[in-house]
Structures are given as C-alpha cells and as structure tokens.
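# Examining the three-dimensional arrangement
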Amino acid sequence: MRIITCLVNDHNILLVGLAALICALGAWTSISLLRRAMARDVSFSQAWTMLGAIAAGSSIWCTHFVAMLAFEPQTPVGYEPELTALSLLLIVFSSIAGFWIGTQRFSGATELGGVVFGAGVAVMHYVGMDAFSVDAVITWSASYLAFSIAWVMTCSALAFQQAELSNPKQSQLAASALIVVAVVGLHFGGMAAMTITPFAATDGTTTSTNAREFLAFAVAGVALLVVGIVWISHVLDAGMRNQASSRLRHLASSSADGMIITQGGLIADVNGAFERLSGLSRENLIGRPASAAGFDPSTLGEGVIDRGLLKIANGEEIPVEIALHTEAGKADGGNFRVYALRDIRPRLEQERRIATLAKTDSLTGLANRAALLEQIDSEIADLRGSNQLALIAVDLNRFKEVNDLHGHAAGDTVLRALSERMLGVLRDGEFLARLGGDEFVALRRVTGREEALEFAERIEKPLFSTVSLDQIDVVCGASIGIALFPEHAKSATQLMNNADLAMYRAKGSRADTVCFYAEAMDEIVRNRRKIISDLRDAMTLGQFELHYQKQIDVSTQSVTGYEALLRWRHPERGYISPLDFIHLAEETGLIVPIGEWVLRAACEAAKDWGDHLTVAVNLSAVQLHQIDLPEIVEQILAETGLPPSRLELETTETSLMLDPERAIHVLNRIKSLGVSVAIDDFGTGYSSLSTLRAFNFDKIKLDKSFIDGIEKDVQARAVMLAVLALGNALEIPVLAEGVETTEQFEFLRSRGCGSVQGYLFGRPAPLIGVPKADAA
C-alpha cells in the first residue's frame, strides 16, 4: 500500500511512464541479445553478451534516473556526479558479469546469471540513491529495503530462465516483462523504504533545476549509447545473416542434391544439381515463387524428409525426397528457406530389383519359396464357389545322378533347361516356383481332380524330354504329387506338406509317376516318425544285435571270416529289416553313433576268434565322409585288441561318388592302419572301372543281382565273367555274394572265383560260441 501511495503522491506520472518505456525498450533489446548469445555461434556469443549487458545496464540506469526526475519530494534536491557516474559503471559491469554467467553451460548457470544481474541492479539503485542530495533527514525501512532487493534478484533469475526457452516469441516477451517488473518493483520498493523529513536548506546544495539539467544531459548521453548499441547489433546481425546467405549458396553449389533457396516466398537461388535434375534454368527461376520449381512447398515441415513428385521441364513427374531447412536471413527480406531435393528413381529401381531378387530363384529365374507362399495365400483368399487350388509338387528323379556324374555345372544346365520347358507349357493363371535343389511347385485353380491331373501331366511331359550336355543326352524324369485346397488341406502349410507326401508316394511307386494325396499317406508319415523316434532309443535300450554270415574259400570250402550285419529287434514290431531303418538313420545322422557301435561290437567279438578269421563291417556313406573316421577305427582296434589285419571295412561305389576326393583320402588313411578295404555291390554303381583306378581295393564283392541271373541271363553271366577276369587281371580277390544254389557255387568255382557268401552256406545269425574250425 505504501508503494502505491509513493507512486501516486510523490511522482510525476508522465515521467514515470517515460521511465517504464525506456526500461521496456532496454529490456527487449538486452533480452534479444542475451537469447542470441545463448543460441548463436560461439564466435559471436561474446559480442552479443557484451552488447546485451551494456544495453541492459545503461537502459536501467536511464530508467532509474528518469524515475528520480519524476520523484517530487517537495524540497530542493541535488545529485553528486561521482556517485551518479559510479552507479552507471556498477550496473554496466554487473550486467556484463550476469550475462556472461547466464550464457555458460553448467547446471544452474542461467538462474545464477539472473541473480548476479539483479544484485547489480539493486547496487546501482542504492548507490544512485546515495548520490541523491536533499535538505532533509532520510530514514530507511529495513523490510521494504530487503523486499526490493529480493524482488529484483528473483524476477531477474526468472527472466534469464525464460530467455533460455526455445519458443522465441513467448520467451522474449516473458523475459522482457520480468525485467521491467524487476526494475519497477525495485525502484518503487526502494522509494517506499525511504522517508524524507525536510529541514532548512543549506548553501552548499545544488538546486533542483541544476540537478534536472545534469540528469537530462546524462540520460540523453546514455540514450545515445543505447541507440549506438542497437545499431552495432544490427550491423553484426546483418553480417551474420549475409555470412549465412553466402554459406548457404556455397553449400548449395557443392551439393550433389538439387537445392533451392527462397527468401520471402521467392526463389533467391538454385544450384547446378537442381538445374540438371529439373531441366529448368536458374535465370528463369530466380524471383519466382517456389512452386515455379515444379513441386508443392506448402506441405513440407521443418526438418522433415518427405517424398513427393517434381515436375521437370519435359512435363514428366519424377519421385524425389524433399527436405526443408530454415536459416535466419536479412532483416528486410525474411528468413532463408532451403529446399533440398534428391532424385530417388535409382533407389526405387534398386528397391524394386531387390524385392524382385528376394522373390526370384537366382538360377532359373522362377519364383522362389517366399513368392510361392505369397501366391498360395493370395489364391486361397480369392477362391470362390466350388473352385479348388491344385498344388503340384515336382521332384526330378535322376538329377542327383546327373550332378554326381557330370558335375554341378551340368546339373545347373539341366535345371535351367527344364525350368524353361515347364514355363513354356503354363497357361494364364498358372504359377511355377523352384523351392531349391530339384524341387518345383506349380499352382492353378481347378474345378476338380480331372483338371488337376491334366495340369500335372502337362507339367510332367517336358520333364521326360532329353537335355543335351555337351555330347551326352540325359533324361531326368520326375515324380509328381498333387494336393487340393480345401479338399486335402485347411492351410497353405498343410497343402504343401500333403503334396510332398503324394510326391514321395509317386517316387516310391514303380507304376505311377503322378499321385494324388490320400489320408493313408498320413499314416505312413506317422509310422516313419515313430520309427525314427524309436531308433533314437534303440541303442540305449540294447535293441541292436549283430548277426554274422560266413564267407567261404571256394577251393577248400573253409570259413575265412564273417560279415557283421546289423539287426534291430523292436519290442513291439519284432525284427525290423535294415532296408526300413538304415536310410532313416542316415537321414537323421543317427548312423554315426550306430555305425560306431557296430564296429566296436564286431571287433570285440572277433578278437576271440581264430587268428585266421576276419570280420567284415559295412560303412555307410555318412560314415565314409567323416574326416575323423580313421581315428575312430584306430581307437576301437586299440580298445578291443583286434589286429588291424583281421578287420575288413566295406564301402559301395555310390558312397564313394558323393565326394570322391574326400572319401579316397579317408580310405587311404584307414588302409595305412593295416585294415583291409573292400568294394561292396560292385557293378551296380556309377562308374566301376574309374572306382578301381582311384583306389587300391583289397577285395571286390560281386553284387547278388549278377549271381541270381547266371543260370538264365546271358548278360548277367557276361558281366560276372568280366568282373572275375578284371579281378584276376588286377590281382584283386573277388567274393560273390548271394550264392544260394549248388549250381551257382559250381559255376563260380569253375570260373576261378576265390570266395563266396550266401544262404547255401548259412543265413546271417547270432554267433553261438567262438568260431575256430575251418569247415563251412
């Protein structure tokens, strides 16, 4: 209340208004410069700090003394020049200190700078009041004094805090208003704290008129200083903005992206990259609206990269990425708006190419599995009425043979040729994909089984055509399975699985190359899975046995050794034929531990036989390609104590051909241990003569199929005689398998066959006792 009374009764309201106006202008200028010092480049920060502090200090000093001119104490007053000048210096230097602290980066620097600035204002005010000379007794109210100092420091700290905010209009206005409130509150709080009791005038005081003239000159001088500061800041700002303009033009000229610089909504410049991109010339664009450059700038946001279309000189619209950046420009021209445009046609083309590659088989150019799954889902979604989706699963029959005999390059040639031929028979609405290896899938909508079968037979026909490889013609053939949606499946995955089941059924059939899915096939699959599951536990549960079959010397008819043959005695199914589980063991990798068990059990049994008896053990293709197989054999021989010379390992031509170089390397290491190596099922593989050249076998085992036909089949007899002659020429002993009749035995003996094996001399069976006798 006392503050309001002081304002109304003791002050000239017009001069108070002038003081407030000076304070407001000074606050606005100084806060503007402070914000620039907080946010601009570090190279200009000190200049903004210095100019802002001087503007703030001098304008507040002016405000104080104009307000003092407005003060009418009803007694002559005077001002001491030294203290008055000192108050100006104090406010300027404290403002510099406060502004400098406020622009630092440590925590709380902004608020601390405001407190220091407010303290400087308070010091300036009360030093200025000390310069106030009056013929009276002056007393002070401690509470109002404390209030005025706390008020100015608090409001100044809040003002600096507002100046730091990112919203330019809001923070500028709020910070400037707080500075005005701080100064006004300090002045009138301080004036309210002062009580003047007049007494008789003394001759040594300055008259009130002289004081007013002195203050008028002082205020005018300081006002000129503030005007000079504003002009200097304008020059600095213009320099910065011109520098920014030059920098923008330099960046634009060196950029590979098309760039357009606008100011005030009009094009100020474009770079050469934009001219080349758009086909428009710089001269025709400068001074025109941004839309004249061929794109719509109204939809763009600051700092956001957007996609749009750019209309180029020939009228074509091309896809581009557009980014907008705003840079401070000249005061009379508005801010610069920089539009960067990048031609994304090459990128879009690359994305399309990558998307195509992701759904295309690189070898054949057909769709791949990912594209197939998409197509199946799309076809299922579009099915209407009684239509069904036929899925044809195709597997080439003799592709592996082509790969093994002629190499992978030949296999690739066959795949490309057959893919082109299948594509050639497709009609509208039909789809073909390669899943990998020699597996293909075809799709089409059908009304029933007849259409599906016709589709499958049309696909099948080119697969049985001849493909020329250099000077060799090959025919692969194929097995085809058909499944229908929704008749045979309720999902895409089930549809593919069921078509596969039908295809494997066709592959196993001698009569049919095309099979429809049937529910019974699920039972076959379940049975297969059950066998695999039981097979995993068979060795642990002791369900494997070794049966032995005699090998007979033809000339003496004495036993020279035994072949160890694996048998699986299942607790529910009884004995399961090796034909039913060995291939499953190979597919699942279980053949490795099973094969090691067979080898160890056979060696353990044979160590107690007569020294002249050997034991023969079969190696699977998977075992043969184990690089550590020789170490396993050596370890088992050491553990069982069986001499290496009494162990014979048998392999087939087919096993060797999977990776001949690796297999021969493994066999050479085994043979270096002193173990014999025999080639089994000779004559049924891919290239028997080349196999004998590649490795020095210790024995040739003639396949049973040739023995079965020697009595009636002239060709079988000829092959058998050729093998016997070959063995004799190479000095490799020949053992004939599958001898079941006396006639077969006598024929072989008459032709010089060294050893035989077969039912004539005994079926495979567990050994009872320890074999020692030589008689068969």
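For the structure itself, look to the data block above.
Treat the numbers as computed from the prediction; the structure is a model and nothing was measured.

Criteria and cut-off values
Residues numbered from 1 in each chain as written. Predicted model: local features only at pLDDT ≥ 70, side-chain atom pairs only at ≥ 80, totals over all residues. Heavy atoms only, no water. Helix = DSSP H or I, 4+ residues; strand = E, 2+ residues; numbered from the N terminus. Buried < 20%, exposed > 50% of the residue type's maximum accessible area, 1.4 Å probe, protein only. Contact = heavy atoms within 4.5 Å. Areas by Shrake-Rupley, 256 points an atom, 1.4 Å probe, with all protein chains shown as cover. Patch = residues over 30% accessible without salt bridge, like charges linked within 9 Å, V, L, I, M, F, W, Y side chains within 5 Å. Salt bridge = Lys/Arg side-chain N within 4 Å of Asp/Glu carboxyl O. Expected span 1.5 Å × (residues − 1). Phe/Tyr/Trp six-rings, centres within 6.5 Å; stacked < 30°, edge-to-face > 60°. Lys NZ or Arg CZ within 6 Å of the ring centre and 35° of its normal. Arc of directions from axis to C-beta. Polar contact = N/O pair within 3.5 Å; in protein donor to acceptor, adjacent residues only side chain to side chain. Pairing = 2+ DSSP bridges. Axes fitted to C-alpha atoms, helices over the stretch in contact; angles between N-to-C directions.

### Some points on the overall build of the protein
If you tally the helices and strands in the protein, you get 27 helices and 25 strands. Counting all 776 residues of the protein, 46% fall into the buried class. When contacts within the protein are restricted to residue pairs at least 6 apart in sequence, those whose partners lie at least 24 apart make up 68%. For the protein, the computed accessible surface area is about 37,300 Å², with 56% contributed by carbon and sulfur atoms.

### Details of a nonpolar patch on the surface
Taken together, the side chains of Leu 86, Leu 89, Leu 90, Phe 93 and Val 123 make up a nonpolar region of the molecular surface, amounting to roughly 440 Å² of accessible area. No other element matches helix 4 (residues 81-102), which puts four residues into the nonpolar patch. Mapped onto the fold, Leu 90 is located in helix 4. Given a relative accessible area of 30%, Leu 90 falls into the partly exposed group.

### A closer look at helix 15 (residues 449-463)
Along its 15 residues, helix 15 runs 21 Å from first to last C-alpha, staying within 8% of the 21 Å computed at 1.5 Å per residue. Within the sequence span of helix 15, burial applies to Ala 452, Phe 455, Ala 456, Arg 458, Ile 459, Glu 460, Pro 462 and Leu 463. The inward-facing, buried residues of helix 15 abut strand 10 (388-396), helix 14 (408-424), strand 12 (439-446), strand 15 (478-485) and strand 16 (514-516).

### A few points about the packing of aromatic side chains
As enumerated under the stated definition, the model contains 14 aromatic pairs in all. Where Phe 147 meets Trp 151, the ring centres are 5.8 Å apart and the plane angle is 35°; that geometry is what we call tilted. Of the two residues, Phe 147 and Trp 151 both sit in helix 6 (residues 142-163), four residues apart, roughly one turn of that helix. The partly exposed category is assigned to Trp 151, whose relative accessible area is 31%. Through successive ring pairs, a cluster of aromatic residues spans Phe 544, Trp 568, Phe 581 and Trp 597. Over the aromatic face of Phe 516 sits the side chain of Arg 449, whose NZ or CZ is 4.6 Å from the ring centroid. Looking at Arg 763, its charged tip hangs above the ring of Tyr 759, at a distance of 3.9 Å from the centre.

### Topic: helix 12 (residues 369-382)
The periodicity of an α-helix, 3.6 residues per turn, causes residues three or four positions apart to be oriented the same way. Under the 1.5 Å per step criterion, the end-to-end length of helix 12 is 20 Å for 14 residues, consistent within 8% with the ideal 20 Å. Buried within helix 12 are the following residues: Ala 371, Leu 372, Ile 376 and Glu 379. Projected onto a plane normal to the axis of helix 12, the buried residues spread over an arc of 135° and lie on a single side. On the buried face of helix 12, the contacting elements are strand 10, strand 11 (431-436), strand 12 and helix 16 (492-508). Measuring from the side-chain oxygen of the N-cap residue of helix 12 to the backbone nitrogen of Ala 370 gives 3.2 Å; that N-cap residue is Asn 368.

### Some points on the pairing of strand 20 (residues 614-618)
Bridge count between strand 18 (residues 559-570) and strand 20: four bridges; the pairing is parallel. Counted as the bridge partner of Gly 561 is Thr 614 from strand 20. Looking at chain direction, strand 20 and strand 21 (residues 647-652) are connected through four bridges and run parallel. Bridging across to strand 21, Val 617 finds its partner in Leu 649.

### What about unusual backbone geometry?
Along the chain, Phe 485 connects to Pro 486 via a cis peptide bond; the corresponding omega equals 10°. Look at Gln 557: it is not a glycine, yet its phi comes out positive at around 55°. You can see Gln 557 is positioned in the loop between strand 17 (544-553) and strand 18. Look at Gln 557 and you get partly exposed, because its relative accessible area is 34%. Positive phi, normally seen in glycine, also occurs at Asp 681, with a value near 55°. Take Asp 681: it is sitting in strand 22 (residues 676-682). For Asp 681, a relative accessible area of 25% puts it in the partly exposed group.

### What about the side chain of Ser 95?
On the secondary structure map, Ser 95 appears in helix 4. Setting aside anything within four residues of it in sequence, one finds Ser 95 in contact with Ala 53, Ala 56, Gly 57 and Phe 117.

### What to know about the sheet that holds strand 11
Read across the sheet, five strands follow the order 11-12-10-15-16 without closing on themselves; strand pairing throughout is mixed. Across the chains shown, the open sheet's two edge strands, defined by having one partner strand only, are strand 11 and strand 16. Looking at each pair of strands side by side, their axes are set apart by 20° on average, direction ignored. Across the sheet, helix 14 touches strand 10, strand 11 and strand 12, and the angle it forms with strand 11 is around 160°.

### Here we look at the pairing of strand 21
For strand 21, the tally of buried residues reaches six of six residues, placing the bulk of the element in the interior. Here strand 21 shows a buried face lined by Leu 647, Leu 649 and Thr 651 and a second buried face lined by Glu 648, Glu 650 and Thr 652. With five bridges joining them, strand 21 and strand 22 adopt parallel strand pairing. Counted as the bridge partner of Thr 651 is Ile 679 from strand 22.

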